[in-house]
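Here is how the chains run, residue by residue.
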Amino acid sequence: MMSCREVTRIVASDELAEAPRARRLAIRFHHLICRYCRRYASQLRALGEAARKMWGPGSRDPDSLSRLERVLLDEIRARRDAPSSPGSSEDGSGGDRDQTKPR
Amino acid sequence: MKRRRADILEDDPDFTARIRARDPATLESVVRTTLAQVHRIARSAGLGPQQAEDVVQATFLAFIESAPTFEGRSHVRTWLLGILYNKIAEARRGTSREAQHDPIEEVVESRFNVDGTWARPPRPLDLHLRDKEIRKGIEDCLGELPTQQKMAFLLREAQGLSTQEICKILGVTITHLGVLFFRSRNRLRECLEQKGLKGSRS
């Protein structure tokens, strides 16, 4: 029989998915009979859900992002327009020659 | 989980070669498909609007700079987020290395009896985001985490990345990542419980 201490350790460490089937079942069973471990696990789930809503995909992006994107794209184009300026590449990476080196 | 946009960046030999050659169209597509996510992560890590922009810009510039050394052994997003992580750690000034010993371990341990049953069971928490106070509470508690723990939590929960990818980004083993998850989640939970957030409604 697993203790509450063990169950919370496994749940919080995200080891559940990797755990062998028997262990997963044991935790499921433990949650059925232990309301405190159930509460603990559901609080961690709710925390994850909250983080996803606050900062996950689809959360609002600021308008300043398009300005930042422009800055970066300009930077990339500037490099294309001056591709072989050896001064800009760092400590003798060899510029173009280096890029053709196979893997 | 939707990862369609990021999947464009799948690593195939051609793609790797184009990154290494700093092919403008390829670099542009990387910027376009990853910028919003990179920025969101920077913000979630507690950087202010201006600082986040600076860090994101520095991240992409470092990425473009080091593109010729990209070996295609990891997903380009993984590589990019590894750079971001280092920039965030720098910006936060703290040493991002996880301490061998962390007091949160004792705090958690103190909640259990010798036989492993709850001595101080978790108190009910209200995590309804509609409540401004609760959002603020989560942000504040997250802000108190050491950078590496915070990033582990955010990359997993907010960004839904796989444990393998997070290990590569943070440069830790899978065992260590489990420790980071355990500590970050318990720190957050304890912090929120201490704030005693009940929410103003049901």
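Residues numbered from 1 in each chain as written. Chains lettered and ligands numbered in written order. Predicted model: local features only at pLDDT ≥ 70, side-chain atom pairs only at ≥ 80, totals over all residues.

Glycine aside, negative phi is the norm for most residues, and most peptide bonds take the trans geometry. One non-glycine residue, aspartate 14 of chain A, lies in positive phi territory at about 70 degrees. Position of aspartate 14 of chain A relative to the elements: it lies in the loop between helix 1 (4–12) and helix 2 (21–33). Its identity is not glycine, yet arginine 22 of chain B carries a phi of approximately 55 degrees, on the positive side. Note that arginine 22 of chain B resides in the loop between helix 2 (13–20) and helix 3 (24–44). (Helix = DSSP H or I, 4+ residues; strand = E, 2+ residues; numbered from the N terminus.)

With 47 residues of chain B in contact, the opposing surface of chain A contributes 44 residues. Put simply, the parts of the chain that give the side of chain B that touches chain A at least two residues each are helix 3, helix 4 (49–66), helix 7 (132–143), helix 8 (147–157) and helix 10 (174–195) of chain B. With 10 residues, the top contributor of residues to the side of chain B that touches chain A is helix 3 of chain B. Here the side of chain B that touches chain A is built from residues that sort into 25 nonpolar, nine polar and 13 charged. (Contact = placed C-beta atoms within 7 Å. Nonpolar A, V, L, I, M, F, W, Y, C, P; charged D, E, K, R; others polar.)

Let's shift gears to the packing of helix 3 of chain B against helix 5 (residues 76–91) of chain B. Two numbers describe a pair of packed helices, the interaxial angle and the distance between the axes. All names here are of chain B. Following both chains from N to C, one finds helix 3 and helix 5 inclined at 35 degrees, their axes separated by 11 Å at the closest point. Judged by the sense of rotation from one axis to the other, the crossing of helix 3 with helix 5 is right-handed. For the pair helix 3 and helix 5, contact is made by Val30, Thr34, Val38, Ile41 and Ala42 and by Val76, Arg77, Leu80, Leu84 and Ile88, respectively. Of the residues belonging to the contact of helix 3 with helix 5, the class tally is eight nonpolar, one polar and one charged. (Axes fitted to C-alpha atoms, helices over the stretch in contact; angles between N-to-C directions. Left-handed = near helix turned anticlockwise from the far one by under 90°.)

All names here are of chain B. Looking at the assigned domains, one finds that chain B contains domain 1 (4–91) and domain 2 (104–195). Its C-alpha centre places domain 1 at a distance of 26 Å from the equivalent point of domain 2. Secondary-structure elements contributing two or more residues to the side of domain 1 that touches domain 2 are helix 3 and helix 5. Tallying contributions element by element places helix 5 first for the side of domain 1 that touches domain 2, with six residues. Of the residues belonging to the side of domain 1 that touches domain 2, the class tally is six nonpolar, seven polar and no charged. (Domains from an automatic or database assignment.)

If you look at the biggest cluster of nonpolar residues, it comprises 62 residues, and the most contacted ones within it are Ala42, Leu84, Ala152 and Leu154 of chain B. The element that contributes the greatest number of residues to this core is helix 3 (residues 35–55) of chain A, accounting for eight residues. Built from parts of two domains, this core gets at least three residues from each of domain 1 (4–91) and domain 2 (104–195) of chain B. (Core = buried A, V, L, I, M, F, W, Y, C linked by C-beta atoms within 7 Å. Buried ≥ 20, exposed ≤ 12 C-beta atoms within 10 Å, placed from the backbone.)

Glancing now at the confidence of the model for chain B. Residue and element names in this part refer to chain B. Per-residue confidence for chain B gives a mean pLDDT of 88; residues scoring 70 or more make up 88%. Per-residue pLDDT, averaged within each element of chain B, yields its smallest value for helix 1 (residues 4–7) (46) and its largest for helix 8 (97). Overall, residues 1–8 carries pLDDT values under 50, and its contacts beyond four positions in sequence, including any with other chains, amount to seven contacts. (pLDDT = per-residue confidence, 0-100.)

A separate point is the environment of aspartate 61 of chain A. Tracing the sequence through the fold places aspartate 61 of chain A in the loop between helix 3 and helix 4 (64–81). According to the C-beta neighbour criterion, aspartate 61 of chain A is partly exposed, with 14 such atoms within 10 Å. As a C-alpha pair, aspartate 61 of chain A and tyrosine 36 of chain A span 25 residues in sequence and 38 Å in three-dimensional space. In contact with aspartate 61 of chain A, other than residues within four places in its own chain, are Ala36, His39 and Arg40 of chain B.

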